[in-house]
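# Summary of structural features
Residues per chain are reported as follows:
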Amino acid sequence: MEQDRFFQSWNMEGGRQENMNEVISKLYEIEETAENILNNAKRARDNLQSELLLEEQAYERELMHDLERRLQQRGRQLREQADQEIAAMAEEYEQKRRRLDQQYDQHLEELADAVFKRITEV
């Protein structure tokens, strides 16, 4: 009942009716401001998402570049290691060949004599 009298007093007095219109107008302004704030927040969120996506893509490119660089470095290391092993094997082969040549040179006379004796004995 108290409420009814309160609302009736708003309708009866012109000044209060204007105040009510101002309150309603202010409520519309508040609603419009709130809507603008929400729209701005949505735009800000969308901008942040775009920035994050760009940062993520840049990070992925950086990772791929780093991975490629590491793979190339590892490939060079493996080639160098293989070259060293090949060089070591070639040196070992050359040493064995020289030893065989040396043995051949040292025992050439003995071998020739042995072959000659075999041929002449028959």
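Residues numbered from 1 in each chain as written. Predicted model: local features only at pLDDT ≥ 70, side-chain atom pairs only at ≥ 80, totals over all residues. Heavy atoms only, no water.

## Overview of the overall build of the protein
- On a plain count of helices and strands, the protein comes out with two helices and zero strands.
- Relative to its full complement of 122 residues, the protein shows a buried share of 2%.
- As displayed, the protein offers around 11,900 Å² of accessible surface, 55% of which is attributable to carbon and sulfur atoms. (Helix = DSSP H or I, 4+ residues; strand = E, 2+ residues; numbered from the N terminus. Buried < 20%, exposed > 50% of the residue type's maximum accessible area, 1.4 Å probe, protein only. Areas by Shrake-Rupley, 256 points an atom, 1.4 Å probe, with all protein chains shown as cover.)

## Some points on the pattern of salt bridges
- Tallied over the entire structure, the rule returns 10 salt bridges.
- For the salt bridge of E94 with R97, the shortest nitrogen-to-oxygen distance reads 2.3 Å. Placement of the pair is E94 and R97 together in helix α2 (residues 14–121), with a separation of three residues, close to one helical turn.
- Note on R97: relative accessible area 33%, which makes it partly exposed.
- The structure contains a network of salt bridges with shared partners spanning E91, E94, R97, R98 and D101. (Salt bridge = Lys/Arg side-chain N within 4 Å of Asp/Glu carboxyl O.)

## Comments concerning a nonpolar patch on the surface
- Taken together, the side chains of M20, V23, I24, L27, Y28 and I30 present a nonpolar region at the surface, about 570 Å² in accessible area.
- Mapped onto the fold, Y28 is located in helix α2. (Patch = residues over 30% accessible without salt bridge, like charges linked within 9 Å, V, L, I, M, F, W, Y side chains within 5 Å.)

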